[in-house]
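So you can see what is in the structure, the chains are spelled out below.
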Amino acid sequence: MANGNDSKKFKGDIRSPGVPSRVIHVRKLPNDINEAEVISLGLPFGKVTNLLMLKGKNQAFLEMNTEESAQTMVSYYSSVTPVIRNHPVFMQYSNHKELKTDNSPNQVRAQAALQAVNAVQTGNMSLSGVDGGSGAQSPVLRVIVENLFYPVTLDVLHQIFSKFGTVLKIITFTKNNQFQALVQYSDAVTAQHARLSLDGQNIYNACCTLRISFSKLTSLNVKYNNDKSRDYTRPDLPTGDSQPSLDPQTVAASAFTAPGIISAAPYAGAHGFPPTFAIQQAAGLSLPGVPAGALASLGVPGAAAAAAAAAAAGRLGLSSMSAGGNSVLLVSNLNPEAHHTCFLYFEGVYGDVMRVKILFNKKENALVQMADGTQAQLAMSHLNGQKLHGQTLRITLSKHTTVQLPREGHEDQGLTKDYSSSTLHRFKKPGSKNYSNIYSPSSTLHLSNIPPSVGEEDLKELFQSSGATVKGFKFFQKDHKMALIQMGSVEEAIESLIEFHNHDLGENHHLRVSFSKSTI
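This section reports on the structure supplied with the text. Please read these numbers as outputs of a predicted model, since none were measured by experiment.

Structural notes on the overall build of the protein
A tally of regular secondary structure across the protein gives 12 helices and 25 strands. Per-residue burial for the protein yields a buried fraction of 52% across its 520 residues. Of the contacts made within the protein by residues no fewer than 6 positions apart, 73% connect residues no fewer than 24 positions apart. A total accessible area of about 23400 Å² is found for the protein, and carbon and sulfur atoms account for 50% of it.

Next up, the structure:
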């Protein structure tokens, strides 16, 4: 239900989203979103001073206390797309400089949610029913894992606790021969929600039981981002000396991933954290002593559990492929014209494509394995719903954790391709500058690596040769190796990128094509 006057007053922001404002326009929210979930997007970055929900349009406007905190928030979420209840959520600056709200029922609810959060943040409100370790509410939870039959990693904890709100920091340690962790949320309300929901739950089937209380600490001081501690608001922290060790237990641990409902900070691959180590599952491995299909109450994929157990038994080779979450995407509703290299180029804008498998009985479906879970999330959030060769793509995370290559001597009619050693990967280097140039598909393409002998008309002619319309072209003033070219539509731009990325322009120059945030 749209909220009457509100949705008439705020018709969304149709404009360039680049001018900073302390009001942020949030789009593509899930239907059943509540006020607290929208507020939690802003809390890590500063105080949220106002909120306007447009539920009928799946949108909201969030007002921060300063323009600076709004800028930090927009900048952060531009590199790490927040995913709420499996919905990628998008945000940009609003052209409203402040929010003026009325007393409609929706607004009364929004104001009540804001007051509750602010009261807890400033310590003016006690939470009933809280009987944690210190007897008082705190945004920091103390977590003890009992019956530790399988190893539990920081990334697993992050995925589980992110179901209830944005996790800011985690520290893990062993005390009294027990694996423990401190988990910090932005506010005590979220921490209480997580504690009530998770205390006593098993991470994996019949083991790894969570015992959760409130910590006496109200804030955690994290010095290093590594496999023992992480500050998700500070991607710039050093790794310290604690690199992930390569003993089978550590390796096994990182193969477990409980699917998170909100994974607002899938940092690992994108920001130069040390890679976690994933397992490439060998065919036909069984789990000794664990019943087949025994899944955790918090939902850990069986394949990951099998891979982990096999690794702990020392029977698998290692590969540093996964950084937090599943890296395999299921792409459906494909046009039969789509071919393997189209994924290498198109999804390759958002991460390094390792393998592609067109499904044998359903040629309109493909499995695409990215280098890590972060890149898979980026590709899914930017490309789901885009059009390719007239068909609207549907992209979801696959239940598969790896794309299997056909066994030697078994041909699969060329349906599976391995691109793991491709020279076209854009994100091989940790912290590559390409991460800061990731944009959603647009009708304007950024061209680079243009040789001096190739001019404007040559490039326009090249892009028109596939039947597309070129609406504009502009070389960069200071650097003629780069240019912007505007196509007739976003779909034409996508098809042109697939067609002409890596096109040989002569003089040993292969054209590089990506989406641009600018227009001509």
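Here's the deal with helix H3 (residues 67–79)
Residues three or four positions apart in an α-helix share a direction because the helix packs 3.6 residues into each turn. The first and last C-alpha atoms of H3 sit 19 Å apart over 13 residues, in line with the 18 Å expected at 1.5 Å per residue. Residues of H3 that are buried: Ser69, Ala70, Met73, Val74, Tyr76 and Tyr77. On an axial view of H3, the arc spanned by its buried residues comes to 165°, and they lie on one face. The secondary structure elements touched by the buried residues of H3 are strand S1 (23–27), helix H2 (35–42), strand S3 (59–64) and strand S6 (90–93).

Thoughts on the pattern of salt bridges
A complete count under the given rule lists 11 salt bridges for this structure. With a closest N to O distance of 3.8 Å, Glu98 and Lys100 form a salt bridge. You can call Glu98 partly exposed: its relative accessible area is 42%. We note a salt bridge from Lys460 to Glu457, for which the minimum N-O separation is 3.8 Å. Pair noted here: Lys460 and Glu457 are both in helix H11 (residues 456–464), with a separation of three residues, about one helical turn. Look at the salt bridges and you will find they share partners, linking Glu35, Lys55 and Arg109 into a network.

Description of the pairing of S1
The buried count for S1 comes to four of five residues, which makes it a mostly enclosed element. Alignment of S1 against S3, held across four bridges, turns out to be antiparallel. Bridge pairing in S3 places Val23 opposite Glu63.

Observations regarding the environment of Gln377
Looking at the element boundaries, Gln377 is found in helix H10 (residues 373–383). We classify Gln377 as buried; its relative accessible area is 15%. Separated by 20 residues in the primary sequence, Gln377 and Leu397 have C-alpha atoms spaced 8.1 Å apart.

Quick word on the nonpolar core
Within the largest apolar cluster, 53 residues are counted, with the highest numbers of intra-cluster contacts made by Phe343, Leu445, Leu447, Phe463 and Leu511. In this structure, Ile24, Val38, Met73 and Val80 belong to the second largest nonpolar core, which totals 28 residues.

A few points about the sheet that holds strand S21 (residues 416–418)
Across the sheet, five strands lie side by side as S20-S15-S17-S16-S21; this open sheet has antiparallel pairing. The sheet is open, and its two edges are formed by strand S20 (394–397) and S21, each paired on a single side. Here the average twist between neighbouring strands, direction ignored, is 20°. Across four bridges, strand S15 (residues 328–332) lies against strand S17 (residues 366–370) in antiparallel orientation. Opposite Val331, over in S17, you have Ala366 as the bridge partner. Its contacts with the sheet put H10 on S15, S17 and S20, and the angle it makes with S20 is roughly 155°.

Notes on the side chain of His501
In this fold, His501 is placed in the loop between helix H12 (490–500) and strand S25 (512–515). His501 gets classed as buried once you look at its relative accessible area, which sits at 4%. Separated by 3.3 Å, the side chains of His501 and Arg426 make a polar contact. Ignoring sequence-local partners within four residues, the contact set of His501 consists of Tyr345, Arg426, Ser496, Leu511, Arg512 and Val513.

Structural notes on the sheet that holds S6
Taken in spatial order, the four strands make up an open sheet running S2-S3-S1-S6, and their pairing is antiparallel. Edge positions in the sheet fall to strand S2 (48–54) and S6, since each of these pairs with one other strand and no more. Strand-to-strand twist in this sheet, taken as the mean axis angle between neighbours without regard to direction, amounts to 20°. Pairing of S2 with S3, which is carried by six bridges, proceeds in the antiparallel orientation. Each bridged residue has a counterpart across the sheet, and for Leu54 the counterpart in S3 is Gln59. Each of S1, S3 and S6 is contacted by H3, which is oriented at about 140° to S6, the strand it contacts most.

Here's the deal with the environment of Val89
Here Val89 is to be found in the loop between strand S5 (87–88) and S6. A C-alpha to C-alpha distance of 9.3 Å links Val89 and Tyr77, two positions 12 residues apart in sequence. Setting aside residues no more than four positions away along its own chain, Val89 makes contact with Val26, Arg27, Lys28, Leu29, Thr81, Pro82 and Ile84.

About the cut-offs
Residues numbered from 1 in each chain as written. Predicted model: local features only at pLDDT ≥ 70, side-chain atom pairs only at ≥ 80, totals over all residues. Heavy atoms only, no water. Helix = DSSP H or I, 4+ residues; strand = E, 2+ residues; numbered from the N terminus. Buried < 20%, exposed > 50% of the residue type's maximum accessible area, 1.4 Å probe, protein only. Contact = heavy atoms within 4.5 Å. Areas by Shrake-Rupley, 256 points an atom, 1.4 Å probe, with all protein chains shown as cover. Expected span 1.5 Å × (residues − 1). Arc of directions from axis to C-beta. Salt bridge = Lys/Arg side-chain N within 4 Å of Asp/Glu carboxyl O. Pairing = 2+ DSSP bridges. Core = buried A, V, L, I, M, F, W, Y, C linked by side-chain atoms within 4.5 Å. Axes fitted to C-alpha atoms, helices over the stretch in contact; angles between N-to-C directions. Polar contact = N/O pair within 3.5 Å; in protein donor to acceptor, adjacent residues only side chain to side chain.

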